[in-house]
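Residue-level structural notes
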Amino acid sequence: MTAADVAADLAAVADPADAVFLQRFFKTGPGQYGEGDVFLGVRVPATRKVVKLYNDLPLDQVDVLLDSEVHEHRLAALLILNVQYAKAAKKSDVDAQKKIVDLYLAALRRGRVNNWDLVDSSAENIIGPWLFDKSQDLLFELAAGESLWERRVALLSTFAFIKRGDATVTFDVAERLLSDRADLIQKALGWMLREVGKKIDRGLLETFLDTHASAMGRTALSYATEHFDPETRKALRAR
């Protein structure tokens, strides 16, 4: 079971027409956030189907996939890590969990977790759970990073806390990114705040926005207040 096996199985279900579409959808043109990314043309459901055959892929082979120029190879690697982390957590195997987290962070820092779908499909399943019983300093370090993807990982990792009913970590990270006007950070920030209101307590979200709306970008505020009534949204935007 090797990275080459995974690559071959993904190639077998690739569609060249989908590759063209995906390269446009994920903004791979010059100057865009996904500049230079390469797609085979494998949709996510098909990628997940292939990944089911390789959930026990050795970590060194997962790392080979993460270093691939092909987007679907990297996505497959992250989906495999999700499964392996969940298994290790279920067994309370802290050493195995740490190896996965270290591998993930190393890949992130060398620019291999480098598109929004890669971040969104992995951060809440690996970094978030790892920090449940630990200091959140790692999230603050990532939130201060120069890399757009590190900052998005910081935000999306807090989704794991939201699903456990804890809004504090999301608010702490959000406060550090209120002035970040990168579009993909604005959207992630607003999304996580909206989820606090939906899944935990709308009153907590309203209190946060009462304090911070004036410092937020319009995109983040729009996402965060998506389910508010028009008058409340208008009043907050006026800040």
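Before any of the text, the structure's been laid out above.
So, here's what we can say about the structure.

The rules we used
- Residues numbered from 1 in each chain as written.
- Predicted model: local features only at pLDDT ≥ 70, side-chain atom pairs only at ≥ 80, totals over all residues.
- Heavy atoms only, no water.
- Buried < 20%, exposed > 50% of the residue type's maximum accessible area, 1.4 Å probe, protein only.
- Helix = DSSP H or I, 4+ residues; strand = E, 2+ residues; numbered from the N terminus.
- Contact = heavy atoms within 4.5 Å.
- Core = buried A, V, L, I, M, F, W, Y, C linked by side-chain atoms within 4.5 Å.
- Phe/Tyr/Trp six-rings, centres within 6.5 Å; stacked < 30°, edge-to-face > 60°.
- Lys NZ or Arg CZ within 6 Å of the ring centre and 35° of its normal.
- Polar contact = N/O pair within 3.5 Å; in protein donor to acceptor, adjacent residues only side chain to side chain.

1. So, helix α8 (residues 123-130)
Counting buried positions over the eight residues of α8 gives seven, a clear majority of the element. Listing the buried residues of α8 in full gives Ala123, Glu124, Ile126, Ile127, Gly128, Pro129 and Trp130. The secondary structure elements touched by the buried residues of α8 are α5 (71-90), α6 (94-109), α7 (116-120), α9 (137-143), α10 (148-157) and α11 (159-162).

2. Topic: the nonpolar core
Grouped burial of nonpolar side chains is what soluble globular proteins tend to show. Ranked by internal contacts, the top residues of the largest apolar core, which has 72 residues, are Tyr104, Ile127, Val173, Leu193 and Leu209. Of all the elements, α5 adds the most residues to this core, at eight residues. In contact with Leu193, other than residues within four places in its own chain, are Thr170, Phe171, Ala174, Leu205, Phe208, Met216 and Ala224.

3. A word on the packing of aromatic side chains
Here the structure, examined in full by the defined rule, presents nine aromatic pairs. Seen in terms of ring centroids, Phe25 and Phe26 are 5.0 Å apart; in terms of plane orientation they differ by 90°. Their pairing is edge-to-face. Both rings, one in Phe26 and one in Phe39, keep their centres 5.3 Å apart while their planes meet at 15°; by these two values the pair is stacked. On the criterion of sequence distance, the pair formed by Phe26 in the loop between α2 (16-25) and α3 (44-51) and Phe39 in the loop between α2 and α3 is long-range, its members being 13 residues apart. Neither Phe26 nor Phe39 differs from the other in exposure class; each is buried. Above the plane of the ring of Phe140 lies Arg176, whose end atom (NZ or CZ) is 3.7 Å from the centre.

4. Focus on the side chain of Gln61
Tracing the backbone shows Gln61 in helix α4 (residues 59-66). Engagement of the side chain of Gln61 in a polar contact is seen with the backbone nitrogen of Ala3, the distance being 2.9 Å. Once residues within four sequence positions are removed from consideration, Gln61 is found in contact with Met1, Thr2 and Ala3.

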